[in-house]
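# Architecture at a glance
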Amino acid sequence: MYPIVTWNLTILAITLIYYAWRDGYARRARQRTALHDRVAYMLWVAANRGV
């Protein structure tokens, strides 16, 4: 019985660590994408001012 409980707790711990990492990674990716969009828009506006 105890090996089954230990195995289940190990899988639960690994799953929790993975989901915490994934949430942090997704948040950083969204922030990075937003920054890239703003820089691209700024460059597009600056390029069109000269036309």
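Report follows, based on the coordinates.

Reading the values: rules and limits
Residues numbered from 1 in each chain as written. Predicted model: local features only at pLDDT ≥ 70, side-chain atom pairs only at ≥ 80, totals over all residues. Heavy atoms only, no water. Patch = residues over 30% accessible without salt bridge, like charges linked within 9 Å, V, L, I, M, F, W, Y side chains within 5 Å. Areas by Shrake-Rupley, 256 points an atom, 1.4 Å probe, with all protein chains shown as cover. Salt bridge = Lys/Arg side-chain N within 4 Å of Asp/Glu carboxyl O. Lys, Arg positive; Asp, Glu negative; His and termini not counted. Charge placed at Lys NZ, Arg CZ, Asp CG, Glu CD. Helix = DSSP H or I, 4+ residues; strand = E, 2+ residues; numbered from the N terminus. Phe/Tyr/Trp six-rings, centres within 6.5 Å; stacked < 30°, edge-to-face > 60°. Buried < 20%, exposed > 50% of the residue type's maximum accessible area, 1.4 Å probe, protein only.

## Observations concerning a positive patch on the surface
Side chains of R27, R28, R30 and R32 sit close together on the surface and give a patch of like positive charge. The topology assignment puts R32 in helix 1 (residues 2–49).

## Concerning the packing of aromatic side chains
All chains considered together, the criterion is met by four aromatic pairs. For the ring pair W21 and Y25, a centre distance of 5.4 Å and an interplane angle of 20 degrees mean the geometry is stacked. Pair noted here: W21 and Y25 are both in helix 1, with a separation of four residues, about one helical turn. Through a chain of ring-to-ring contacts, three or more aromatic side chains come together here, namely Y18, Y19, W21 and Y25.

## Details of the environment of R27
Mapped onto the secondary structure, R27 falls in helix 1. In this structure R27 comes out as partly exposed when scored by relative accessible area, which is 47%.

## Comments concerning the environment of R22
Checked against the element boundaries, R22 lands in helix 1. Accessibility expressed as a relative area gives 38% for R22, which makes it partly exposed.

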